[in-house]
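Spelled out from the first residue to the last, the chains are:
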Amino acid sequence: MDIAGLNMYDTLLRLPLFQGMGQEDLAKVVGHTRFEFSRYKHHDILFEEGEPCRGLTFLTKGRITTIRTSDNRQLEVREQVSAPALLQPESLFGLTQRHSMTIIAQSEHCDTLTISKDEVNRLLGTFELFRTSLLNIISTQAQRRSHLLWRSHPHTIREKIIRFISDHCQHPAGEKVIRIRMQSLATEIGESRLNVSRALHAMEAENLLSTSREHVHILRLEDLFGNTILNR
């Protein structure tokens, strides 16, 4: 295998769906699969919300921001994701084969590797590990979502705020920026605007988050849970 092949081999080993694959199978993937490589600069758009999903895209280098917006445009959630990562595999199949979020390059250089849908179908039919890994990822997402309705109900205003934020995040940890008006948040969790404001300021005093006009900035989502009874 030449240097380019070795580099590709190492790249695939770091990516979801290929981890654990044997050397012989990896050599077949490298030798017979068409890959599309892209490089993005800071603030470049990788995908726009509503854009057709035409393949599986892996973030191989750098950091991105995902932006998801509610249908009424009153809530926006921004999350940061670092490489290696698989971007929206659930959008490739199913009822709506479009990206449900906008994805923007956050670091100076972001590299991606994309496998077209035709190539994905071939890999699914050829390599059991690839097929099982993709099924596990999508099944885990579905199971987590189906579990949401069966968790214990939050009681305090703080718990309601944390539950609302965590339910609207794709990743259970890391930095988040929530854009929402105070009154909209109060309406969503069934509390008064004044009580929500007090709860947010108390959390801000504990360095759990910071607030500005229509924005809540969280450095580490996992820090919000602390000693609460919430089951994420």
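Preceding this section is the structure that the text describes.
The shown structure was predicted, so the numbers you read here are calculated from the model rather than taken from an experiment.

Between the first and last C-alpha of helix 7 (residues 193–205) there are 18 Å, a value that for 13 residues agrees with the 18 Å anticipated at 1.5 Å per step. Where helix 7 is concerned, the buried positions are Val196, Ser197, Ala199, Leu200 and Met203. The buried residues of helix 7 all sit within an arc of 165° when viewed along its axis, so they share a single face. Facing away from the buried side of helix 7, by more than 90 degrees, are the exposed residues Arg198 and Ala205. Contacts from the buried residues of helix 7 go to helix 5 (157–167), helix 6 (182–189) and strand 10 (210–212). Immediately beyond the C-terminal end of helix 7, within one or two residues, lies Asn207, with a positive phi of roughly 60°.

The next point concerns the packing of aromatic side chains. Under the defined criterion, the tally for this structure stands at three aromatic pairs. When the centroid spacing of 6.0 Å and the interplanar angle of 45° are considered together, the rings of Phe18 and Phe58 count as tilted. Linking Phe18 in the loop between helix 1 (3–13) and helix 2 (23–32) with Phe58 in strand 3 (residues 55–61), this pair joins segments that are 40 residues apart in sequence. By the burial criterion, Phe18 is buried, and Phe58 matches it. With a centroid separation of 5.4 Å and an interplanar angle of 55°, the aromatic rings of Phe18 and Phe130 are classed as tilted. With a gap of 112 residues between them, Phe18 in the loop between helix 1 and helix 2 and Phe130 in helix 4 (residues 128–147) connect regions that are remote in the sequence. Considered together, Phe18 and Phe130 belong to a single accessibility category, that of buried residues. Taken together, the aromatic side chains of Phe18, Phe58 and Phe130 make up a single cluster linked through ring pairs.

On to the pattern of salt bridges. Scanning the model with the defined rule gives 13 salt bridges in all. The salt bridge involving Asp111 is made with Arg39; its shortest N-O contact spans 2.7 Å. With a gap of 72 residues between them, Asp111 in strand 8 (residues 109–116) and Arg39 in strand 1 (residues 36–41) connect regions that are remote in the sequence. You can call Asp111 buried: its relative accessible area is 14%. On the accessibility criterion, Arg39 (53% relative accessible area) is exposed. As a salt-bridge pair, Arg220 and Asp223 come within 2.9 Å of each other at their nearest N and O atoms. Judged by relative accessible area, Arg220 falls into the partly exposed class, the value being 42%. Judged by its relative accessible area of 35%, Asp223 is partly exposed. When salt bridges with common partners are traced through the structure, they connect Arg34, Glu119 and Arg122 into a single cluster.

Quick notes on the rules
Residues numbered from 1 in each chain as written. Predicted model: local features only at pLDDT ≥ 70, side-chain atom pairs only at ≥ 80, totals over all residues. Heavy atoms only, no water. Helix = DSSP H or I, 4+ residues; strand = E, 2+ residues; numbered from the N terminus. Expected span 1.5 Å × (residues − 1). Buried < 20%, exposed > 50% of the residue type's maximum accessible area, 1.4 Å probe, protein only. Arc of directions from axis to C-beta. Contact = heavy atoms within 4.5 Å. Phe/Tyr/Trp six-rings, centres within 6.5 Å; stacked < 30°, edge-to-face > 60°. Salt bridge = Lys/Arg side-chain N within 4 Å of Asp/Glu carboxyl O.

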